[in-house]
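Okay, here's what each chain looks like letter by letter:
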Amino acid sequence: MSPGKYNFICFYLLTLLFFSCHKKEKTYSETITINDVKLPKAKPGDWRYSRDEEFQTFEDFQKLKKIKPEPGKNTVYLQPIGEFNELQKKEIKLTREYLSIYFQLQTKVLPVLSNTIFPKTARRIFKDGQEQILAGYVLDSILIKRKPKDAVVFMGITEKDLFPRPEWNYVFGIASYQDGVGVTSMYRFANGGLTDSNFNESLERLIKISSHEIGHMFGLSHCLNANCVMNGTNSLTETDFHFARACSLCQQKLNSSIPYDPKKRLPDLKHFFEKQHLNPELSRAEHDLQLLK
């Protein structure tokens, strides 16, 4: 072998060694993609069945003009509105704890506002005989006007049922991208009455819808990528089917706006699910954690 060929082979081997040692590490969202669960084909009654929503790519999300936490404006506020019993107050307290972990932002609960804040023009009696509140009124006439100066987003929680417009029966929650306000109703989550036996079921529904609506405030569209907390929902059955976990794509979007440390967030989520005995979500958090080791 000539000296020239020998030098070339050495250079080639050194180049391979250099690039193998400097191979780009996977990002967190790329690492956990393997744990995403594909969405099944939509069936009649599902949110996706009758709606032709566009897939929001990461690039689409990046181009959006959206709300982001910034110094002096980085707190999530919850505004309870209604007459809450002790179990409901406990549920709101745990929801605050969960949201502070999920978004890795300081989260506070404001003093309760009475239902008397709703005028007759914002109320109606539904066909089941229960009173409902116009969701848009909560956003435009209550939350926007009361949004704290240091709030990045502001979400109401009501024990009254919500309706978005006359032709709709009800809505679990609604949010405004531009104003950073939203509202969630806990009325339907306990199937008629919150008890010790259905507390966890109701809590899981509330943390899903709450994080979903706040996700909208941060610019995330309905997810079409995988089973995800950002999937649209038409019913409690559909809500229960969807995970509290955000899929890898939605986490990539969220983490680009809120630069949290997944190695802190995931163990915190795991601890919350473990403490509340939310076992399916605990298992999903554990699977994501295993990939980070």
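As a reminder, the structure under discussion sits directly above these lines.
What this report covers is the structure whose coordinates are included nearby. (Residues numbered from 1 in each chain as written. Predicted model: local features only at pLDDT ≥ 70, side-chain atom pairs only at ≥ 80, totals over all residues. Heavy atoms only, no water.)

1. Focus: unusual backbone geometry
With the exception of glycine, the majority of residues adopt a negative phi angle, and the majority of peptide bonds are in the trans configuration. At Gln104, a residue that is not glycine, the phi angle is positive and equals roughly 55°. Locating Gln104 in the fold gives a position in the loop between helix H4 (86-102) and strand E2 (107-109). (Helix = DSSP H or I, 4+ residues; strand = E, 2+ residues; numbered from the N terminus.)

2. Here's the deal with the sheet that holds strand E8 (residues 181-185)
Within the open sheet, the five strands sit side by side as E2-E1-E5-E8-E7. Their pairing is mixed. Two strands bound the open sheet, and with one partner strand each, they are E2 and strand E7 (173-176). Going from strand to strand, the sheet's axes swing by 15° on average, the running direction of each strand aside. Sheet topology note: the E7/E8 ladder contains four bridges and is antiparallel. (Pairing = 2+ DSSP bridges. Axes fitted to C-alpha atoms, helices over the stretch in contact; angles between N-to-C directions.)

3. What about the pattern of salt bridges?
One pass over the structure, following the stated rule, counts 15 salt bridges. A salt bridge links Glu86 to Lys89, with the nearest nitrogen and oxygen atoms 3.4 Å apart. Remark: Lys89 and Glu86 occur in helix H4; sequence separation between them is three residues, near one turn of the helix. The partner of Lys270 in a salt bridge is Glu274, with the nearest N and O atoms 3.7 Å apart. Within this pair, Lys270 and its partner Glu274 are both found in helix H9 (residues 262-275), separated by four residues, close to a single helical turn. The class of Lys270 is partly exposed, set by a relative accessible area of 23%. (Salt bridge = Lys/Arg side-chain N within 4 Å of Asp/Glu carboxyl O. Buried < 20%, exposed > 50% of the residue type's maximum accessible area, 1.4 Å probe, protein only.)

4. Let's talk about the nonpolar core
By size, the foremost hydrophobic cluster in this structure holds 52 residues, and its most contacted members are Tyr98, Phe103, Ile214, Phe218 and Phe273. Listed by contribution, the elements that provide at least two residues to this core are helix H3 (58-63), strand E1 (75-81), H4, strand E5 (151-158), helix H6 (199-217), helix H8 (248-257), H9 and helix H10 (279-292). Here this core gets seven residues from one element, more than from any other, and that element is H6. Sequence-distant contacts of Ile214, that is, excluding residues within four places in its chain, are made with Val76, Leu99, Phe103, Val153 and Met155. (Core = buried A, V, L, I, M, F, W, Y, C linked by side-chain atoms within 4.5 Å. Contact = heavy atoms within 4.5 Å.)

5. Some thoughts on the sheet that holds strand E6 (residues 161-163)
Spatially, E3-E4-E6 is the arrangement adopted by the three strands of the open sheet, whose pairing is mixed. Pairing within the sheet leaves two strands with one partner each, and these edge strands are strand E3 (123-125) and E6. Adjacent strand axes in the sheet meet at a mean angle of 40° when their direction is disregarded. Pairing geometry for E3 and strand E4 (residues 131-134), over three bridges, is antiparallel. Note on E4: the bridge partner recorded for Arg124 is Gln132. Its contacts with the sheet put helix H5 (residues 135-146) on E4 and E6, and the angle it makes with E4 is roughly 45°.

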